[in-house]
Amino acid sequence: MALSDLRREMVLAAIAEFDQLGRDAFLKLYDYGRARDYFLLHDGKRYDSKAIAGVAHRGVEGKPMTNDRLSGGKDHAAGVLIRLGFDVTAPGEVIRKHSIEDLLRKVGSLKPAVSPTTGAQKRHQPLTLLWAIGRAAQGEPRLTPWEITYGELGQLIEEFGLEEDRPNPEFPVLWLYHHGLWDLPGHAKVPPASGRPAQQWMKEHRPNSGLLPWVHEIVTGQEEIRAQIAVRLLSVYFRDVDHNALLARVGLNPTVIRSGSFTPGRSESIMERVIRDSLLAEQIKRAHDYHCQICGNRLALQQGFYAEGAHIRPIGKPHNGPDEPDNLLCLCPNDHVLFDRGAIAIQADLAVMNMTSGASLGPLRLAPNHDINPEHLAYHRKVIAEQG
């Protein structure tokens, strides 16, 4: 079994034991040395990241991973902890802060249960997120007592859930916790989000809970990200619901979300707006491992690699291009600007041409899981490059 099989609750259990035993006793018990470079940050405390990851691995194999089997660097133990949503430092600094892309990716990867009668996706998870984001927008505390969470979420599910949905807020709270968006501080052995044990655990512990600190920080401070998340959730899960009524109910401003100055729009209707899909662009960039499809360069930042998603046929008026994978390229910032201004064009045979000098820039770099629509390339050549 690989260290990548770790789950967040396994790490939290190791953290709880570390707190109970103390650092020296914990490290001695599991034969780990003191960390020198990489430390896990949790609830304002520092933990030896390699030791925590190794001990947490007992949840995978039934026993901790020994010190000699484990590397503590950012490509192994520290990297796994980061992917689980924890902050890790390298000589005193956080080596990777959670990004807006991380949040949008997690929102886009919700996995609600499906109604056995209608086939529709249940709405507990998206309603819980909209409720929490609305609280953040209103300046409410990040953590909410369980009595309030239970009452308000239950009523929201009754009002806007599917007809057959039962108002059981325990399940979306636990699911979002295991998904890395929700916080249950002070609790380590958190059950899966299903069945009577989950309900019983929540009834016994009655935890304060809410969005994880990094998620709360983003949605509290950035109105446009709240709008983007709300639009995505509404368009996927609430197509037959009065969007204004739901937004007002959770404390989000329908006018801000409808106008959406952060993305182009073509109608007053939320459903008809053109939304720049950051999640989709991220998928395209990952398919190319952040290498520019024109020059092949990949920009390295402290937070990771950087590239940009470029629409071939621009979205919004007057071009009205689709926000779909076959209308997107992964480009470096320089080539993105040149392509958008028509100084670079891609021929029918996928040869890249510098329209200013007439020089060939070589073939367009491709990826196995990313097909490009030749009609969008033809549109770009005719409407943007040749008239530029």
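Within any chain, residue numbers begin from 1 and follow the written order of that chain's sequence. Side-chain atom pairs in this predicted model are given and counted only at pLDDT of 80 or more, local residue features only at pLDDT of at least 70, and totals for whole chains, interfaces and linings cover all residues. With hydrogens and water stripped out, all remaining heavy atoms of the structure feed into the side-chain values.

### With respect to the sheet that holds strand β13 (residues 360-363)
Part 1: Strand order in this open sheet of three strands is β11-β12-β13, and the pairing throughout is antiparallel. With partners counted over all chains shown, the strands left at the sheet margins are β11 (344-346) and β13, one partner each. With direction set aside, neighbouring strand axes in the sheet form an average angle of 20°.
Part 2: Paired strands, as defined in this entry, are two strands with at least two bridges between them according to DSSP. Numbering of helices and strands runs from the N terminus; a helix is a DSSP stretch of H or I covering at least four residues, while a strand is a stretch of E covering at least two. As paired elements, β11 and strand β12 (residues 351-354) share three bridges and run antiparallel to each other. When the sheet's bridge partners are listed, I344 is paired in β12 with N354. In this description, a line fitted to the C-alpha atoms serves as the axis of each element, helices being fitted only across the stretch in contact, and the angle between N-to-C directions of two axes falls anywhere from 0 to 180 degrees.

### Here we look at the packing of helix α8 (residues 146-160) against helix α13 (residues 243-250)
Part 1: It is at 12 Å that the axes of α8 and α13 come closest, and there the two elements cross at 175°. Taken together, the axes of α8 and α13 lie roughly antiparallel to each other. Here E152, Q155, L156, E159 and F160 of α8 come into contact with α13, specifically with A245, L246, R249 and V250.
Part 2: The residue inventory of the contact of α8 with α13, partitioned by class, reads five nonpolar, one polar and three charged. In these notes the angle categories are as follows: under 35 degrees is roughly parallel, over 145 is roughly antiparallel, 65 to 115 is roughly perpendicular, and the rest is oblique. Two residues form a contact once any of their heavy atoms are found within 4.5 Å. Gly counts as polar in this scheme, as do all residues outside two lists: the nonpolar Ala, Val, Leu, Ile, Met, Phe, Trp, Tyr, Cys and Pro, and the charged Asp, Glu, Lys and Arg.

### Brief notes about helix α3 (residues 49-56)
Part 1: Burial within α3 is extensive, with seven of its eight residues counted as buried.
Part 2: Any residue under 20% of the maximum accessible area for its type is buried, any over 50% is exposed, and the rest in between are partly exposed; the area is computed with a 1.4 Å probe on protein chains only. Within the span of α3, buried status applies to S49, A51, I52, A53, G54, V55 and A56.
Part 3: Each element contacted by the buried residues of α3 is listed here: α1 (8-21), α2 (23-29), β1 (39-42), β2 (45-48), α4 (58-61) and α5 (77-83).

### Topic: the side chain of T149
Part 1: Along the chain, the position of T149 falls in helix α8.
Part 2: The class for T149 is buried, based on a relative accessible area of 0%.
Part 3: When sequence neighbours within four positions are dropped, the list of residues in contact with T149 reads W131, T144, G154, P169, V173 and S209.

### Some details on the packing of aromatic side chains
Between two aromatic rings, the relevant description is the distance of the centres plus the angle of the planes.
Part 1: Between rings of Phe, Tyr and Trp, where Trp is taken as its six-membered ring, a pair exists when centres lie within 6.5 Å; planes separated by under 30 degrees are stacked, by over 60 edge-to-face, and by other angles tilted. Scanning all chains against the criterion turns up four aromatic pairs.
Part 2: When the centroid spacing of 5.1 Å and the interplanar angle of 50° are considered together, the rings of F18 and F26 count as tilted. You'll find F18 and F26 in the same group, each marked buried.
Part 3: Considering the side-chain rings of F18 and Y47, the 4.9 Å spacing of their centres and the 75° angle between planes classify their relative orientation as edge-to-face.

### Notes on the environment of H42
Part 1: The residue H42 is located in strand β1 in this model.
Part 2: A sequence separation of 30 residues divides H42 from L12, and the C-alpha atoms of the two residues are 9.2 Å apart.
Part 3: In contact with H42, not counting residues within four places along its chain, are L12, I15, Y47 and F86.

### Things to note about the pattern of salt bridges
Part 1: Whenever a carboxyl oxygen of Asp or Glu lies within 4 Å of a side-chain nitrogen of Lys or Arg, that contact is scored as a salt bridge. By the definition in use, this model includes 13 salt bridges.
Part 2: Between R7 and E9 there is a salt bridge; the shortest N-O distance is 2.8 Å.
Part 3: One salt bridge connects R34 with D24, and the closest N-O pair in it is separated by 2.7 Å. Placement of R34 in the loop between α2 and β1 and of D24 in helix α2 is noted, with a sequence separation of 10 residues between them.
Part 4: A network of salt bridges, in which partner residues are shared, links K122, E164 and D165.

### Thoughts on the confidence of the model for the chain
Part 1: pLDDT is a residue-level measure of predictor confidence that goes from 0 to 100. Confidence in the prediction for the chain averages 84 pLDDT; 88% of positions are at 70 or higher.
Part 2: Per-residue pLDDT stays below 50 along residues 258-277; that stretch engages in 44 contacts with residues further than four places along the chain or on separate chains.

### Points about the state of the cysteines
Part 1: In what follows, a disulfide is any cysteine sulfur pair within 2.5 Å. Under the criterion given, the structure shown has zero disulfides.
Part 2: A disulfide-free cysteine, C292 has its sulfur positioned 3.7 Å from the sulfur of C295, the nearest such atom.
Part 3: Looking at C292, the relative accessible area reads 1%, which means it is buried.

### Regarding a nonpolar patch on the surface
Part 1: Residues enter a patch when their relative accessible area is above 30% and they make no salt bridge; the linking distance is 9 Å between like charges and 5 Å between nonpolar side chains (Val, Leu, Ile, Met, Phe, Trp, Tyr). All accessible-area figures derive from a Shrake-Rupley calculation using a 1.4 Å probe, and residue coverage is judged against the displayed protein chains alone. A cluster of nonpolar residues, L299, L301 and Y306, forms a patch on the protein surface that exposes about 250 Å² of accessible area.
Part 2: Tracing the sequence through the fold places L299 in strand β7 (residues 299-301).
Part 3: The class for L299 is partly exposed, based on a relative accessible area of 36%.

### Topic: the packing of α1 against α3
Part 1: At a minimum axis separation of 8 Å, α1 and α3 run at an interaxial angle of 115°. The interaxial crossing formed by α1 with α3 has right-handed handedness. Facing M10, V11, A14, I15, E17 and F18 of α1, the residues of α3 in contact are I52, V55 and A56. Working rule for handedness: look at the near helix, and if it is turned counterclockwise from the far one by less than a right angle, call the crossing left-handed; if clockwise, right-handed.

### Observations concerning the pairing of strand β10 (residues 328-331)
Part 1: Taking every second residue as pointing to the same face, both faces of β10 are buried, with L328 and C330 on one and L329 and L331 on the other.
Part 2: Here strand β9 (residues 308-311) runs beside β10; their pairing, made up of four bridges, is antiparallel. Bridging across to β10, E308 finds its partner in L331.

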